[in-house]
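Coordinate analysis (summary)
Here's the letter readout for the chains.
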Amino acid sequence: MQTVFALLPLVAAFLAVPQFLPQLARVHRAGTTAGVSWSWAALTSVNNAAWMGYFALSGFWTALVPAISATVLSGQLAVVLARRGGGMPKRSLVLVSAWAVLLLTAAGAFGRTGLGSVLAVAFALQVTPSVWTVYRSRDTAGVSRGTWLLIFGELLCWGVFGIHEADPRLIVLGATGVVASLLVLARVSWPRPVRAPAAQLAEVP
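Just so you know, these numbers come straight off a predicted model, no measurement behind them.

1. Notes on the nonpolar core
Nonpolar side chains tend to gather and get buried jointly when the protein is soluble and globular. Counting 52 residues, the largest nonpolar core has Phe55, Leu77, Leu119 and Trp158 as the members making the most contacts within it. When contributions to this core are tallied by element, the ones reaching two or more residues are α1 (2–16), α2 (21–30), α3 (38–58), α4 (64–84), α5 (90–119), α6 (122–136), α7 (145–165) and α8 (168–189). Examining the composition of this core, we find that nine residues originate from one element, α3, more than from any other. Setting aside residues up to four positions removed in sequence, leucine 119 forms contacts with Asn47, Ala50, Trp51, Tyr54 and Leu103.

Set out below in structure tokens:
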């Protein structure tokens, strides 16, 4: 059983490395960013950069691979969304910048413990814009199921591993990721019915 738990970070890494490739491909193929949040992509890049520091300080060297991949690919997604969406939303940019400063301050002042404490709530902040956007949007054509399935699998692995290691930060990360992934997948799988225009309804006998 110990071997199974020890392999969980490797499985998480396997699922996380290509995680944002389906989303990048979806935006390119569909030609739309409908339902995809810029804040989510930018916060994912910032948070994973911070997780790199946390994993390094904790000695979880295997976890550095998915953290690096997520940092780079989600950052690339944020650039693509900004270009296709006419630039970075100002309010979101301020939020992301303030969050990055907070992470750096926590790491500089309190080290691994301080950084980990802030990161315990980081994923909730990270995925909230995505869940909010996808449920407010009638069109979710830009959202990739593949990316969210990979996120679900990765965070489930980290949640179970966190329980095994008694690491409350990884437990919170896993639980939040699983719930957020299921919410997004549910919304994309069951789109809202498109209402017919009033004029068209009036013509129906």
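Alright, that's what it looks like, and here's the rest.
2. Structural notes on the packing of α3 against α4
At a closest axis distance of 8 Å, the pairing of α3 and α4 adopts a crossing angle of 160°. As summarised for this structure, α3 and α4 are arranged roughly antiparallel, according to the angle between their axes. α3 and α4 meet at a crossing whose hand is left-handed. Here Trp38, Trp40, Ala41, Ala42, Thr44, Ser45, Asn48, Ala49, Met52, Phe55 and Ala56 of α3 come into contact with α4, specifically with Leu64, Ala67, Ile68, Ala70, Thr71, Ser74, Gly75, Leu77, Ala78, Leu81 and Ala82. Partitioned by chemical class, the residues of the contact of α3 with α4 number 16 nonpolar, six polar and no charged.

3. As for the side chain of serine 45
Summarising the element assignment, serine 45 is placed in helix α3. Once residues within four sequence positions are removed from consideration, serine 45 is found in contact with Thr71, Ser74 and Gly75.

4. Topic: the side chain of asparagine 48
Structurally, the position occupied by asparagine 48 is in helix α3. When sequence neighbours within four positions are dropped, the list of residues in contact with asparagine 48 reads Ala67, Ala70 and Thr71.

5. Examining the packing of α2 against α4
Two numbers describe how α2 lies on α4: the axes approach to 10 Å, and their chain directions differ by 20°. In this view, α2 runs roughly parallel relative to α4, as classed from their interaxial angle. Judged by the twist between their axes, the crossing of α2 over α4 is left-handed. For the pair α2 and α4, the contacting residues are Leu21, Gln23, Leu24, Val27 and His28 in the first and Leu73, Gln76, Leu77, Val80 and Arg84 in the second. When the residues that make up the contact of α2 with α4 are grouped by side-chain class, the tally is six nonpolar, three polar and one charged.

6. A closer look at a nonpolar patch on the surface
The grouping of Leu7, Leu10 and Val11 at the surface amounts to a nonpolar patch, some 240 Å² of accessible area in total. For valine 11, a relative accessible area of 37% corresponds to the partly exposed category.

7. Considering the packing of aromatic side chains
In total, this model carries nine aromatic pairs according to the counting rule given. For the ring pair tryptophan 51 and phenylalanine 55, a centre distance of 5.2 Å and an interplane angle of 25° mean the geometry is stacked. With tryptophan 51 and phenylalanine 55 both in helix α3 and four residues apart, the pair spans about one turn of that helix. Here tryptophan 51 matches phenylalanine 55 in class, with each residue buried. The exposure class assigned to phenylalanine 55 is buried, which follows from its relative accessible area of 5%. Among the aromatic residues, those joined into a ring-pair cluster are Trp51, Tyr54, Phe55, Phe60, Trp158 and Phe161.

Each value, and the rule that gives it
Residues numbered from 1 in each chain as written. Predicted model: local features only at pLDDT ≥ 70, side-chain atom pairs only at ≥ 80, totals over all residues. Heavy atoms only, no water. Core = buried A, V, L, I, M, F, W, Y, C linked by side-chain atoms within 4.5 Å. Buried < 20%, exposed > 50% of the residue type's maximum accessible area, 1.4 Å probe, protein only. Helix = DSSP H or I, 4+ residues; strand = E, 2+ residues; numbered from the N terminus. Contact = heavy atoms within 4.5 Å. Axes fitted to C-alpha atoms, helices over the stretch in contact; angles between N-to-C directions. Parallel < 35°, antiparallel > 145°, perpendicular 65-115°, else oblique. Left-handed = near helix turned anticlockwise from the far one by under 90°. Nonpolar A, V, L, I, M, F, W, Y, C, P; charged D, E, K, R; others polar. Patch = residues over 30% accessible without salt bridge, like charges linked within 9 Å, V, L, I, M, F, W, Y side chains within 5 Å. Areas by Shrake-Rupley, 256 points an atom, 1.4 Å probe, with all protein chains shown as cover. Salt bridge = Lys/Arg side-chain N within 4 Å of Asp/Glu carboxyl O. Phe/Tyr/Trp six-rings, centres within 6.5 Å; stacked < 30°, edge-to-face > 60°.

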